[in-house]
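Geometric and topological summary
Read off the chains here:
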Amino acid sequence: MDDSKFEQMKAEYNSHIFRKFGFIILCIAFMIVMIAISVNIGGYQISFMEVYRTIFDHILGVVPEEYSKEWYDYQIVWNNRLPRILFAILSGIGLAVSGATMQSVMKNPLAEPYTTGVSSGACFGVAISMALGVSLFPSLNMGAEAFIMALIPVAIIIIMSPKLNNSVATVILIGTALTYMFNAFSTFLLVTTDSETLAAIYKWQVGSFSNITWDRLAIIAIFVIAGTIIIEILSHKLNIMTLGDNAAQSLGINVRRIRILCLLVMAIMVACIVSYAGIIGFVGLICPHMIRLIIGSDNRFLIPAASAFGAAFLLFSDSCAKWLSSLDMVPVGAICGLIGAPLFLFILMHNRRNIW
Amino acid sequence: MQVDLLQKKTPLTIKEDENVELLLKDLCFSYGDIDVLKHIEMTLDEPKLISIIGPNGVGKSTLIHCINKILSPTGGCVLINGVDNKEVSYKDLAKIMGYVPYTTSNTFPISVTDAVLMGRHPHSGRNITDQDLRIVFETLELLEIDDLANRSLNELSAGQLQKVVLAKGIAQQPRILLLDEPTSNLDIKHQMNVTKLLKSVSEEKQMMVIMICHDLNIAAKYSDAVIIMHDGGIFAIGSPSEVITPENIETVYGVKCKVIDDLGRPHIILRDETETC
Amino acid sequence: MVNINESIADYRRRENAPKSYIGVVLLAIVLVFILSLPASEIDINLFEALRIIYDHIMGVEPSNYHDMIRHRIVVEQNIPRAIGAICAGGVLSIGGAVLQNLIRNPLADPYTLGISSGALFGMVISLALGISIIPFIDQMDSRILNAFLFALIPTGIIVFLSSFKKVSPTMMILIGIAVMYIFNAFNTIIKYTTDDETISQIYQWTVGSVSGLSWGSIPKLVFALVMIYIAMYWIRNEIDIVAQGDHGAMTLGVNPYRLRIIALVFVSLATAIIVCYTGTIGFVGLVAPHIARRYFGSKCRLLIPGSAVIGALMVLLSDYIIRLITPNLPVGVVLALVCSPIFIVILVRMKRNEW
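Residues numbered from 1 in each chain as written. Chains lettered and ligands numbered in written order. Predicted model: local features only at pLDDT ≥ 70, side-chain atom pairs only at ≥ 80, totals over all residues.

Here we come to the overall build of chain A. Along chain A, the regular secondary structure elements total 13 helices and zero strands. What you see in chain A, going N to C, is helices and strands ordered as α-α-α-α-α-α-α-α-α-α-α-α-α. Expected size for 356 residues packed as a compact globule is a radius of gyration near 21 Å; at 22 Å, chain A falls within 12% of this value. Seen through its principal axes, chain A has C-alpha atoms that stretch 75 × 55 × 40 Å. The proportion of buried residues among the 356 residues of chain A is 47%. Relative to all contacts within chain A whose residues are 6 or more apart in sequence, the contacts with residues 24 or more apart total 79%. (Helix = DSSP H or I, 4+ residues; strand = E, 2+ residues; numbered from the N terminus. Rg over C-alpha atoms; globule rule 2.2 N^0.38 Å. Buried ≥ 20, exposed ≤ 12 C-beta atoms within 10 Å, placed from the backbone. Contact = placed C-beta atoms within 7 Å.)

When helices and strands are tallied, chain B shows ten helices and twelve strands. A compact globule built from 277 residues should have a C-alpha radius of gyration of about 19 Å, and chain B, at 19 Å, falls within 12% of that. Projected onto its principal axes, the C-alpha coordinates of chain B cover approximately 60 × 45 × 40 Å. Looking at the 277 residues of chain B, the share that counts as buried comes to 41%. Partitioning the contacts of chain B with sequence separation of at least 6, the portion at a separation of at least 24 is 64%.

Quick look at the packing of helix 4 (residues 118–132) of chain A against helix 10 (residues 255–277) of chain A now. Residues and elements named next belong to chain A. Axis separation between helix 4 and helix 10 bottoms out at 10 Å; the angle between their running directions is 40°. Taken together, the axes of helix 4 and helix 10 are oblique relative to one another. Like other packed secondary-structure pairs, helix 4 and helix 10 cross with a definite hand, here right-handed. Packed against helix 4, whose contacting residues are Val118, Ser119 and Ala122, the element helix 10 presents Ala267, Val270, Ala271, Val274 and Ser275 at the interface. (Axes fitted to C-alpha atoms, helices over the stretch in contact; angles between N-to-C directions. Parallel < 35°, antiparallel > 145°, perpendicular 65-115°, else oblique. Left-handed = near helix turned anticlockwise from the far one by under 90°.)

This paragraph deals with helix 16 (residues 331–348) of chain C. All names here are of chain C. In this model, helix 16 (18 residues) spans 25 Å end to end at C-alpha, consistent with the 26 Å of a helix rising 1.5 Å per residue. By the largest-angle criterion, Cys339 marks the main kink of helix 16, which is about 35°, and a proline, Pro341, follows within four residues. Among the residues making up helix 16, those that are buried are Val331, Gly332, Val333, Val334, Leu335, Ala336, Leu337, Cys339, Ser340, Phe343 and Leu347. (Expected span 1.5 Å × (residues − 1). Bend = angle between axes of the 7 residues up to and from the residue.)

Looking now at the sheet that holds strand 8 (residues 208–212) of chain B. Residues and elements named next belong to chain B. An order of 6-7-8-3-9-10 is seen for the six strands of this open sheet, with the pairing classed as mixed. Of all the strands in the sheet, just strand 6 (97–100) and strand 10 (233–238) have a single pairing partner and so form its edges. On average, each strand axis in the sheet is tilted by 20° relative to the strand beside it, whichever way the strands run. Here four bridges tie strand 3 (residues 49–53) to strand 9 (residues 225–230), and the two strands are oriented parallel to one another. Within the sheet, the bridge partner assigned to Ile53 lies in strand 9 and is Ile228. Sitting on the sheet, helix 1 (residues 60–67) touches strand 3, strand 7 (176–180), strand 8 and strand 9, and the angle it makes with strand 7 is about 150°. Sitting on the sheet, helix 6 (residues 158–171) touches strand 6 and strand 7, and the angle it makes with strand 6 is about 180°. (Pairing = 2+ DSSP bridges.)

Residue and element names in this part refer to chain C. Its 17 residues place the ends of helix 10 (residues 218–234) 24 Å apart at the C-alpha level, agreeing with the 24 Å of an ideal helix rising 1.5 Å per residue. When we look at burial in helix 10, the residues that qualify are Leu221, Ala224, Leu225, Ile228 and Met232. Angularly, the buried residues of helix 10 cover 90° about the axis, an arc narrow enough to put them on a single face. Exposed residues pointing more than 90 degrees away from the buried face of helix 10 are listed as Pro219, Ile230 and Trp234. Packing partners of the buried residues in helix 10 comprise helix 4 (65–103), helix 11 (236–243), helix 13 (256–278) and helix 15 (300–325). (Arc of directions from axis to C-beta.)

Counting 309 residues, the largest nonpolar core has Ala271(A), Ile274(C) and Leu316(C) as the members making the most contacts within it. For this core, the element with the highest residue contribution is helix 4 of chain C, accounting for 17 residues. Not counting residues within four places of it along the chain, the set of residues in contact with Ile274(C) comprises Cys87(C), Ala88(C), Val91(C), Leu92(C), Leu221(C) and Ala224(C). (Core = buried A, V, L, I, M, F, W, Y, C linked by C-beta atoms within 7 Å.)

Attention now moves to unusual backbone geometry. Within the chain, Phe282(A) stands out as a residue other than glycine whose phi angle is a positive 75°. Considering the arrangement of structural elements, one finds Phe282(A) in the loop between helix 10 and helix 11 (286–295).

Turning to the pairing of strand 9 of chain B, a few remarks are in order. All names here are of chain B. As paired elements, strand 9 and strand 10 share five bridges and run antiparallel to each other. Along strand 10, the bridge assignment pairs Ile228 with Ala236. Count of turn residues in the strand 9/strand 10 antiparallel hairpin: two residues, of which Asp231 carries a positive phi of about 55°.

So, about the confidence of the model for chain B. Residue and element names in this part refer to chain B. Residues with a pLDDT of 70 or more make up 95% of chain B, whose mean pLDDT is 86. With pLDDT under 50 throughout, residues 1–5 is counted as low confidence; its partners more than four residues away or in other chains account for six contacts. Among the scores for the predicted complex, ipTM is 0.85 and pTM is 0.85. (pLDDT = per-residue confidence, 0-100.)

Let us now look at the environment of Pro47(B). In this structure, Pro47(B) sits in the loop between strand 2 (34–44) and strand 3. On a C-alpha basis, the gap between Pro47(B) and Met207(B) in space is 5.0 Å, while along the polypeptide they are 160 residues apart.

Once that is clear, we can look at the interface of chain C and chain A. Contact residues are listed per partner, giving 46 residues for chain C and 48 residues for chain A. For the side of chain C that touches chain A, the secondary structure elements donating two or more residues are helix 8 (169–192), helix 9 (196–207), helix 14 (284–296) and helix 16 of chain C. For the side of chain C that touches chain A, the leading source of residues is helix 8 of chain C, giving 15 residues.

The residue His350(A) is located in the segment after helix 13 (332–349) in this model. By C-beta crowding, His350(A) is classed as exposed, having 9 other C-beta atoms within 10 Å.

All names here are of chain B. In space, the four strands of this open sheet follow the order 2-1-4-5, with antiparallel pairing throughout. The open sheet has two edge strands with one neighbour each: strand 2 and strand 5 (83–84). Sheet analysis places strand 4 (residues 75–80) next to strand 5, joined by two bridges and oriented antiparallel. The partner of Ile80 across the bridge, within strand 5, is Val83. Here helix 1 sits on the sheet and contacts strand 1 (22–31), strand 2 and strand 4; the angle it forms with strand 2, its principal contact strand, is near 60°.

What follows concerns the packing of helix 7 (residues 153–162) of chain C against helix 8 of chain C. Residue and element names in this part refer to chain C. Axis separation between helix 7 and helix 8 bottoms out at 9 Å; the angle between their running directions is 135°. Regarding the angle of helix 7 to helix 8, the classification is oblique. The handedness of the crossing between helix 7 and helix 8 comes out as right-handed. Facing Pro154, Ile157, Ile158 and Leu161 of helix 7, the residues of helix 8 in contact are Met172, Ile175, Gly176, Val179 and Met180. Classifying every residue of the contact of helix 7 with helix 8 gives eight nonpolar, one polar and no charged. (Nonpolar A, V, L, I, M, F, W, Y, C, P; charged D, E, K, R; others polar.)

Relative to the assigned elements, Leu164(A) resides in the loop between helix 5 (143–160) and helix 6 (168–191). Leu164(A) gets classed as partly exposed once you count the C-beta atoms within 10 Å, which come to 18.

This paragraph deals with the pairing of strand 7 of chain B. Residues and elements named next belong to chain B. By the criterion of burial, strand 7 is predominantly enclosed, with five of the five residues buried. Of the two faces of strand 7, the one carrying Ile176, Leu178 and Asp180 and the one carrying Leu177 and Leu179 are both buried. In the sheet, strand 6 pairs with strand 7 via four bridges, with the strands oriented parallel. Across the sheet, residue Gly98 finds its bridge partner in strand 7, namely Leu177. Bridge count between strand 7 and strand 8: five bridges; the pairing is parallel. Considered in strand 8, the bridge of Leu178 is made with Ile210. The handedness of the strand 7 to strand 8 crossover, carried by helix 7 (residues 188–204), is right-handed. (Right-handed = clockwise from strand over helix to strand, strands pointing away.)

Printed below as a string of structure tokens:
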């Protein structure tokens, strides 16, 4: 190949890569801007400059006097707003990455993080806890019950997997059956309780990022970031698996093991998000498709792009929700749907590529 | 691009003894900015076995898809006995034109007999008669897969699956049969047999069989006519001996070769750059 | 294969063999129907129930309080409930089977098109905000009409967008899902701002139940079942052809895009009718077709009736169980509780790699 042709091809390849990187950087930039804006949104009025002064002061180690104005500012900004913002970012990463991975692993564009039953398991855990009034770890505010129960459907699937003939469609259907089953358990409990408990459980289910503290955030951060890194490492193999199980196996990839590993990692990531955030749909299913429409299906770029986009999108939605109503009357999941769905339809209609 | 859900269509019927003429007039097709087919003019009006050869990506499948309305040409038209295929409904077109694709979907597999039976749909619609079943089973016998009649599609090897799709096309009994690499997954014996079968079908049933072929020697051995595509257009069209020459092969494929005559047909022996012809 | 005539006869035999299984399931439906007639909180035995029905047909009025209650339970409640269950199960299963074949995705079911959230939206704005599209009708009817009209909006959007651009099967479902999210968003916001009682009411409706059905709704439900059965059965061959691939379908004379839209419209209409009266009974539309496929194969000629009877039996049986235990449980709960394990067992024991 002569040099000029090589240069030209390299330039084209680089421009494609550039486009993908560009998208990721754009999302991250947007997210940073949103952090800066979102810190200022909230019910309690704090002026722009004071918010940043509080942050700088804390970083510099200045401790405000108890019950002074600075101290109140500090409580709001550091223990209320900032954790919520970070939680929204982490959830966006976790849900979007899990969604993209689930769609790759299950080879089905309709798969999402909750396909394996994680959300209904968590809901059932919360329902038991609230309806029966018992709690294993009261200090964790139902987080433990939700987390443990969320993992049970996935555990069932993993235990049953040797008998399943390596068929992904069967796994999806079993996951869906388990989802319905656990939903049925929850419903059974809910229709037998009073309408107050019902409303409380419903409010948990709808999803919100306000139920968070720094220590819970730390655990969630560890799981989400570790999970994302693991999946990114596996992404190259996931690419090969899309060629077909037989082809991948002949290239030395243990398809079953990778699938189970991915399911496990995704389950843990999503379970810990759902335990405190409730069930936020849309991000896991539609965001990966939006990203695919923009940058294609290469898993190596899809995962970072999903993280960046998911984080930016969810933070933006949560900021809007906060701005519209400081009392959490506007659930973040609803805003996601209202903003995201029309955006998705728009991208879909204007797209030349036919991915599926 | 308006999707024609409700457009009125021109009926197209060709009687059994009538000749079929396929005319491509200034046919163009582009994927976005990339021009794949450029101003193609071609007339085919005799029932024979025609091979289309050419390097990967030159537009062979695109050409076939423009002929059978899977794709809409961005310029020019395809005329069948004088009627533009844009004006004909899929249903009428299917009565005279069949297609054997390279791959089929396999989400919910069915039995071999049922798959081939679908080929009778354009003619029989809802009522599957014994005559239809007879045609199906005879076709299965012809392709030597009658023992697979009740097997499910997902249990077959790639070669067997290819024969099933072929059977579906033949059972359709069209006047024009378009095939996209019908023998790529078959072993050498079956490659030869299937190509020979296509030739005899074209003679006995007065069918125009147009197939995309990657094996130049098989194409040369059995085809009545060969079309070479190059650079978005028809580079050469004629009998195998006329068209398959070392000069043409080098221009189109960029490969040196030696062509010898074997039983009246050209046979290509490839040479790489270091060897002499 | 020596004899083609033999093969033809063999093929015909294989085609018709599963019909007997369908007959068996139908018989089971009839059996459960009859058994379920007396089931209720009050102790009525089967003969009494049959006598009450006989009296009703003969025009004999119940004479005392004791008979009147039993008459009301058997004739006014149980029979409509059973018929409603059969219709709901049938419609949802047929819809699921057809969509799964046309979208070529085992996860498709009538609700993934957004019908249920549209209906819920219509119901919610009627319950919570008291708005109805066509005023001046009595409240119950306006609620249902609302639900019906809104249920068709997602389908309308899909059809509308399809006229601009060739919509692939997956794209079709994703559009439906996107619209579903928009409606869900509205629903959530409205629900969030209403009182607990209304939330409870809405929740009951969401989960799906046949218990509130009266004779007034039965003609519409039966109509839905008959309509979707005839329509889908009419195009059974075309559905099979499209299920094998779009390109193959076009060259066999079937326009896959048009077929999907037509099927979509019929499935939506029938499902919308059902959903308005029963709420969203999940699970059946997804699972019954898969069970039917296991026993009847993927060809629509058997899959459509097969799914219909299996779905009908599932819902009818679940409702019967509910009536035996406690009449106020939503049918979706028992459906999922009882049928999920059965479904999982069937999936696991499926030896052949079906898909």
